[in-house]
Amino acid sequence: MSPATHLAETDVDRSRFIRPTWQGEAIPEPHQKWKAVFATRDRTFRGLYYGGPTLEETQTFRVPNTVLSDAMWKMVQNEPPCAILCTGLTRDPSAAEITTALEEGRLQAVLVEALFA
């Protein structure tokens, strides 16, 4: 899922966005600083936050309110609530698109905490 429209900050450390290659056979490794924010009222993805070296969390990506598919919403409802931040695909890809991306080694992912507003 990649509906981000622009970075909230212009001086973003690009190394934050490097994620390990994901083969899809196992849950990606956890990443403690990234957080994905969702609104329960309308089941939308609202943004990504990064807990940097300060005590404050800053919104890193602003996204248009993106309604999650039933499968994606169910995933973020796990206990504990979590989401997979995955690069290499956009929107809600088909099973064939995911399989092709996995086979080509194009996916990078981490497991992050899901926060609900």
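Residues numbered from 1 in each chain as written. Predicted model: local features only at pLDDT ≥ 70, side-chain atom pairs only at ≥ 80, totals over all residues. Heavy atoms only, no water.

Let's talk about the packing of aromatic side chains
1) Next: For the structure shown, the criterion picks out three aromatic pairs.
2) Next: Measuring from centroid to centroid gives 6.1 Å for Phe38 and Phe116, while their planes differ by 35 degrees, and the two rings are tilted. In this pair, Phe38 sits in strand β2 (residues 30-39) while Phe116 sits in strand β6 (residues 108-116), placing the two residues 78 residues apart along the sequence.
3) Next: Overall, the relative accessible area of 33% leaves Phe116 in the partly exposed class.
4) Next: Taking the centre distance of 5.9 Å and the plane angle of 80 degrees together, the rings of Trp73 and Phe116 count as edge-to-face. One end of the pair, Trp73, is in helix α1 (residues 70-76); the other, Phe116, is in strand β6, with 43 residues separating them in the sequence.
5) Next: Of the residues examined, Trp73 reaches a relative accessible area of 11% and is grouped as buried.
6) Next: Among the aromatic side chains, those forming a connected cluster through ring pairs are Phe38, Phe45, Trp73 and Phe116. (Phe/Tyr/Trp six-rings, centres within 6.5 Å; stacked < 30°, edge-to-face > 60°. Helix = DSSP H or I, 4+ residues; strand = E, 2+ residues; numbered from the N terminus. Buried < 20%, exposed > 50% of the residue type's maximum accessible area, 1.4 Å probe, protein only.)

Regarding unusual backbone geometry
1) Next: Here the residue pair Glu79 and Pro80 is connected by a cis peptide bond, since its omega of 0 degrees sits within 30 degrees of zero.
2) Next: You can see Pro80 is positioned in the loop between α1 and β5 (82-87).
3) Next: The phi torsion at Arg43 lies on the positive side, around 55 degrees, for a residue other than glycine.
4) Next: Turning to its location among the elements, Arg43 is positioned in the loop between β2 and β3 (44-51).

Re the environment of Pro80
1) Next: Since its relative accessible area comes to 58%, Pro80 is described here as exposed.
2) Next: Separated by 33 residues in the primary sequence, Pro80 and Glu113 have C-alpha atoms spaced 7.9 Å apart.

Comments concerning the pattern of salt bridges
1) Next: Summed over the entire model, instances satisfying the criterion amount to three salt bridges.
2) Next: Notably, a salt bridge pairs Arg46 with Asp42, separated by 3.2 Å at the nearest N-O pair.
3) Next: Given a relative accessible area of 26%, Arg46 falls into the partly exposed group.
4) Next: Note on Asp42: relative accessible area 26%, which makes it partly exposed. (Salt bridge = Lys/Arg side-chain N within 4 Å of Asp/Glu carboxyl O.)

Side note on the environment of Phe38
1) Next: The exposure class assigned to Phe38 is buried, which follows from its relative accessible area of 0%.
2) Next: With residues up to four places along the chain from it excluded, the contact list for Phe38 reads Thr44, Phe45, Arg46, Leu68, Trp73, Val76, Ala83, Ala114, Leu115, Phe116 and Ala117. (Contact = heavy atoms within 4.5 Å.)

Section: the layout of surface pockets
1) Next: Volume-wise, the second largest pocket comes out at about 160 Å³.
2) Next: Taken together, 13 residues form the lining of the second largest pocket, with Pro30, Cys82, Leu111, Val112 and Glu113 sitting closest to its centre.
3) Next: Secondary-structure elements contributing two or more residues to the lining of the second largest pocket are β2 and β6.
4) Next: With five residues, β2 is the largest single contributor of residues to the lining of the second largest pocket.
5) Next: Within the lining of the second largest pocket, the residues separate by chemical class into seven nonpolar, three polar and three charged. (1 Å grid on protein atoms, 1.4 Å probe; cavity = no way out; pocket = protein on both sides within 12 Å on 5 of 7 lines; lining within 4 Å. Points joined across faces, edges and corners; volume = space filled by probe spheres on them. Nonpolar A, V, L, I, M, F, W, Y, C, P; charged D, E, K, R; others polar.)

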